[in-house]
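# Remarks on the overall topology
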Amino acid sequence: MRWTRGESSGAVPGRWTRIAGLCCLILLPAFTPAAQAELARQDADVTMGYACRLPSGPKQVTVRVKASFPARTEPSAAIQPSDAAVTVTFPRDAAGEVLGPDAATVAGTARLGVLATQAGRPVGTEWTGLPIAGTGASRPMRITAAGPVPSSTAGPQGDVTFSAGALVLRLDIRKSDGTPTAAVPVVLECMPNLGQPTSLVTVPLVGDPAQGDPAQGGPGARAAQAPGTGAPGGS
């Protein structure tokens, strides 16, 4: 049997061209600046010293905060951190006082105050209820709390800076037989040491009216050209 092209085959390329064009129109929104801003990410990884209040007095611990943030944002857009984790390392003496003599495992939750500011205005919230993965009660001790955290909404002007604040740990400490070492969980209130940077990351705002559009001769364009200078390459 011989295969031959029908007379209607000439219409096929036209149909496929129209279908391809329609697909391009459907996919186009995925490449808008807003979508690109959502896809691009930047990582925060900051280690700070904290003082936790214990019965014997304040004890120093090390707190490491990690999370992924958008590389940029737009006015009224949600800034959604992801992969948030808070790791607290207790030195031997502090761990011994927190755990007591009979501790075998530690779990619980963490709450980290995260201040997001934009043009001097707070726009942030707390990272609450981060579950602490169960771990052995070692001395020194390292615990990690990780999980989803709430978003913040960008205002109309200014970059958004995220900073770490107060940390509250609610620890469920148990013996080797699974029974708790105390009638109620141990609650530790910790504050970042004064005089150290606590900034986690800054998310630049695109489409800020105060910045202007360099292509349209806004403030950004004027800042890029010193007074009395001509265009590059001019005489």
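Shown above is the structure to which this text applies.
The present account deals with the structure reproduced in this document. (Residues numbered from 1 in each chain as written. Predicted model: local features only at pLDDT ≥ 70, side-chain atom pairs only at ≥ 80, totals over all residues. Heavy atoms only, no water.)

## Re the overall build of the protein
- What the protein contains, in helices and strands, is 4 helices and 12 strands.
- Buried residues in the protein amount to 30% of all 235 residues.
- For the protein, the proportion of contacts with a sequence separation of at least 24, taken over those separated by at least 6, is 71%.
- On the protein, roughly 13900 Å² of surface is accessible, and the fraction owed to carbon and sulfur atoms is 58%. (Helix = DSSP H or I, 4+ residues; strand = E, 2+ residues; numbered from the N terminus. Buried < 20%, exposed > 50% of the residue type's maximum accessible area, 1.4 Å probe, protein only. Contact = heavy atoms within 4.5 Å. Areas by Shrake-Rupley, 256 points an atom, 1.4 Å probe, with all protein chains shown as cover.)

## Some points on the nonpolar core
- Grouped together as the largest cluster of nonpolar side chains are 49 residues, with contacts concentrated most on Phe90, Trp127, Phe162, Leu167 and Leu169.
- Tallying contributions element by element places strand β10 (residues 160-174) first for this core, with 7 residues.
- With sequence-adjacent residues up to four places away left out, leucine 167 is seen in contact with Tyr50, Val63, Val86, Val88, Ala110, Arg111, Leu112, Leu188, Glu189 and Cys190. (Core = buried A, V, L, I, M, F, W, Y, C linked by side-chain atoms within 4.5 Å.)

## Points about the pattern of salt bridges
- In total, this model carries 5 salt bridges according to the counting rule given.
- Close ionic contact of lysine 59 with aspartate 93 constitutes a salt bridge, the shortest N to O distance being 3.7 Å. In this pair, lysine 59 is assigned in strand β2 (residues 57-70) and aspartate 93 in helix α3 (residues 92-99), connecting sequence segments 34 residues apart.
- Take lysine 59: its relative accessible area is 21%, and that puts it in the partly exposed class.
- Using a relative accessible area of 48% as the deciding quantity, one classes aspartate 93 as partly exposed.
- As a salt-bridge pair, aspartate 172 and arginine 174 come within 3.1 Å of each other at their nearest N and O atoms.
- Looking at arginine 174, the relative accessible area reads 30%, which means it is partly exposed. (Salt bridge = Lys/Arg side-chain N within 4 Å of Asp/Glu carboxyl O.)

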